[in-house]
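# Breakdown of the fold
So the chains spell out like this:
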Amino acid sequence: MAFYKDFTKKKMTRADHLRSEGKWEEEGTRYRKSATQQDKQRRENDQDRFDDRKRPGKPGNRFDAPKGREFKKDKPFDGPRKNDFKKPAPRPDRPERFDRPAPKPAPKPEFRPEPEQSFAPENLLSGRNPIREAIKSGRDIEKLLVAKGDLSGTAKEIIAMAKERHIPVQMVERSRLDEITPHHQGMLAFASAYRYYDVEDMLEEAKEKGEAPFLVVLDGVTDPMNLGAIIRTAACVGAHGVIVPERRAVGLTPSAVKASAGAIETVKVARVTNLTRTLEMLKKQGIWLYAADMDGEDYRKVNFSGPMALIVGAEGEGVSRLVLEASDFTVSLPMRGGVGSLNASVAAGILMYAAMSGRE
């Protein structure tokens, strides 16, 4: 039996024989490279990419130079230039796409004016007990403010006392009282800055001086500055007193007293409940009533002599209808310019000096 030393169980093929002799070449063998060759090739490629950055304009490089631009060889390219990526000019017909809207300005704090206070603190009476004691003592009260709502027995008593003394009572919201002072117990009163007199006191003063009564009556004047100015002029012309109505008119507030510039010390001021009834009483005393009205007679042609009372109304509304009907004469101030009326204190001053001239 023959023995083969180099016998192999695997059957040799023709390719194996050729491969052992170095004559066989498998498909794709020439494209294969060893690991060492692949590393070498990778390093060369990396070097080429690094060199490409220094050589702009090479095809395939993402940092290619723009068309029409040449690079100097002695100056390496270190990245894109500032002008290479310019933002396109904005279109005037529409806003920029990525522009953010302008921030809205912060809202301004709301302006809240301080509540007006026409009276000095010493003329303000707050609390039920001080108001009740002031009414009992006979102190002159301009008006009484009462908060709306249920009234207890004490509040009802004070309101009854005020109405008995003809003090104006106004029902207001509690917030209105809070604006003036926080301590009010639902009730506030404004005392007069100066005391009032009676109309009889004015007539008695004229009788003592031996002069014909000269009175000034104000119908609906609500401005304290006008009242103070009229009182001051009345003192200058020698009037015996100024009469004001109790409602819908200003009283002797601190502003009016200040505007009188001390004339309140020499001129008596009376406050009456019913102005028409007071005028009827003056007519019975033999006093002539002269009311200022636009349709009246020119004041330069009027004879102001004897006992008289000059009636002046508010600048806007003028003398009321009932007062005009109760008057004996109506006088007017001629207007040459485009203005149709005068300030109440100015008109009263002109007529008072005209009356003083006629009385002399």
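Attention in this report is confined to the structure presented alongside it.

Let us look at the overall build of the protein. Scanning the protein for helices and strands turns up 11 helices and 10 strands. Partitioning the intrachain contacts of the protein with sequence separation of at least 6 by distance along the chain shows that 76% fall at a separation of at least 24. Accessible surface computed for the protein: about 25,100 Å², of which carbon and sulfur atoms make up 50%.

The next subject is the packing of aromatic side chains. By convention here, two paired aromatic rings are described through the distance between centres and the angle between planes. Counted by the stated rule, this structure contains three aromatic pairs. Centre to centre, the rings of tryptophan 288 and phenylalanine 329 are 5.9 Å apart; their planes meet at 45 degrees, and the pair counts as tilted. Placement of tryptophan 288 in strand β8 (residues 288-298) and of phenylalanine 329 in strand β10 (residues 329-332) is noted, with a sequence separation of 41 residues between them. Residue tryptophan 288 is classed as partly exposed on the basis of its relative accessible area, which comes to 43%. Classification of phenylalanine 329 as partly exposed rests on a relative accessible area of 36%. Both rings, one in tyrosine 290 and one in phenylalanine 329, keep their centres 5.0 Å apart while their planes meet at 20 degrees; by these two values the pair is stacked. You can see tyrosine 290 sitting in strand β8 and its partner phenylalanine 329 sitting in strand β10, a full 39 residues away along the chain.

Bringing the pairing of strand β9 (residues 308-313) into the picture now. In terms of residue burial, β9 counts as a mostly covered element, since six of its six residues are buried. Every second residue of β9 is oriented toward a common face, with Met308, Leu310 and Val312 on one face and Ala309, Ile311 and Gly313 on the other, all of them buried. Note that strand β5 (residues 214-219) and β9 share six bridges and pair parallel. Looking at the pairing, leucine 215 lines up with alanine 309 of β9.

Taken together, the four strands give an open sheet; going across it, the order is β1-β4-β2-β3, and neighbouring strands pair in mixed fashion. The outermost strands of the open sheet, each flanked by one partner alone, are β1 (124-126) and β3 (169-172). Each adjacent strand pair in this sheet contributes to an overall mean axis angle of 20 degrees, direction not counted. Note that β1 and strand β4 (residues 187-191) share three bridges and pair antiparallel. Looking at β4, one finds that leucine 124 is bridged to phenylalanine 190.

Once that is clear, we can look at the environment of alanine 189. Tracing the backbone shows alanine 189 in strand β4. Using a relative accessible area of 1% as the deciding quantity, one classes alanine 189 as buried. With 63 residues separating them in the primary sequence, alanine 189 and serine 126 have C-alpha atoms 6.5 Å apart. For alanine 189, the contacting residues outside a window of four places in its chain are Asn123, Leu124, Leu125, Ile131, Ile141, Lys143 and Leu144.

A separate point is the sheet that holds strand β7 (residues 268-272). If you trace the six strands from one edge of the open sheet to the other, you get β7-β6-β5-β9-β8-β10, paired in parallel fashion. Edge strands, defined here as strands with exactly one partner in the open sheet, are β7 and β10. Ignoring which end each strand starts from, the neighbouring axes of this sheet average 30 degrees apart. Pairing geometry for strand β6 (residues 241-245) and β7, over five bridges, is parallel. Bridging from a neighbouring strand, valine 242 pairs with valine 269 of β7. In this fold helix α11 (residues 344-359) packs onto β5, β8, β9 and β10, with an angle of close to 165 degrees to the strand it touches most, β9.

Side chains of Met335, Leu342, Val346 and Ile350 sit close together on the surface and give an oily, nonpolar patch of about 280 Å² of accessible area. Checked against the element boundaries, isoleucine 350 lands in helix α11.

Okay, the pairing of β5 next. Of all six residues in β5, six are buried, a share of seventy percent or more. Burial of the side chains of β5 extends over both faces: Phe214, Val216 and Leu218 are buried on one face and Leu215, Val217 and Asp219 on the other. Alignment of β5 against β6, held across three bridges, turns out to be parallel. Counterpart to leucine 215 in the pairing with β6 is glycine 241. The β-α-β motif built from β5, the intervening helix α7 (residues 224-237) and the parallel element β6 has right-handed crossover chirality.

Attention now goes to the pattern of salt bridges. In this structure the tally under the stated criterion is nine salt bridges. In this structure, arginine 132 and glutamate 157 form a salt bridge, with 3.7 Å as the shortest nitrogen-oxygen distance. You can see arginine 132 sitting in helix α3 (residues 128-136) and its partner glutamate 157 sitting in helix α4 (residues 153-164), a full 25 residues away along the chain. Judged by its relative accessible area of 18%, arginine 132 falls in the buried class. Of the charged contacts in the structure, one is a salt bridge between glutamate 179 and arginine 176, with a shortest N-O distance of 3.5 Å. Pair noted here: glutamate 179 and arginine 176 are both in helix α5 (residues 174-180), with a separation of three residues, about one helical turn. Glutamate 179 gets classed as partly exposed once you look at its relative accessible area, which sits at 46%. A cluster of three or more residues bridged by salt bridges with shared partners is formed by Glu205, Lys209 and Lys268.

Cut-offs applied
Numbering of residues begins from 1 in every chain and follows the order in which that chain's sequence is written. It should be noted that, the model being predicted, local features are given only for residues of pLDDT at least 70 and side-chain atom pairs only at 80 or more, the latter also being counted only at that level, while totals for whole chains, interfaces and linings use all residues. Only hydrogens and water are set aside; all other atoms, that is, all heavy atoms of the structure, feed into the side-chain values. In this description a helix means any DSSP run of H or I spanning at least four residues, a strand means any run of E spanning at least two, and both kinds are numbered starting from the N terminus. Contact criterion: two residues are considered in contact whenever any of their non-hydrogen atoms come within 4.5 Å of each other. The accessible surface values rely on the Shrake-Rupley method and a 1.4 Å probe; as for residues, cover is taken only from the protein chains in view. Any two of the Phe, Tyr and Trp rings considered here, Trp counted by its six-membered ring, make a pair once their centres fall within 6.5 Å; the pair's planes then place it as stacked at under 30 degrees, edge-to-face at over 60, or tilted in between. Note on classification: 1.4 Å probe, protein chains only; a residue is buried when its accessible area is under 20% of the maximum for its type, exposed when over 50%, partly exposed between these limits. At least two DSSP bridges between two strands are required for those strands to pair. To get an axis, fit a line to the C-alpha atoms, keeping to the stretch in contact for a helix; angles then go from 0 to 180 degrees between the N-to-C directions. Here a patch means residues that are over 30% exposed by relative accessible area and free of salt bridges, tied together within 9 Å if like-charged and within 5 Å if nonpolar (Val, Leu, Ile, Met, Phe, Trp, Tyr). Any Lys or Arg side-chain nitrogen located within 4 Å of an Asp or Glu carboxyl oxygen qualifies as a salt bridge. When the strands point away from the viewer, a crossover counts as right-handed if the path from the first strand over the helix to the second runs clockwise.

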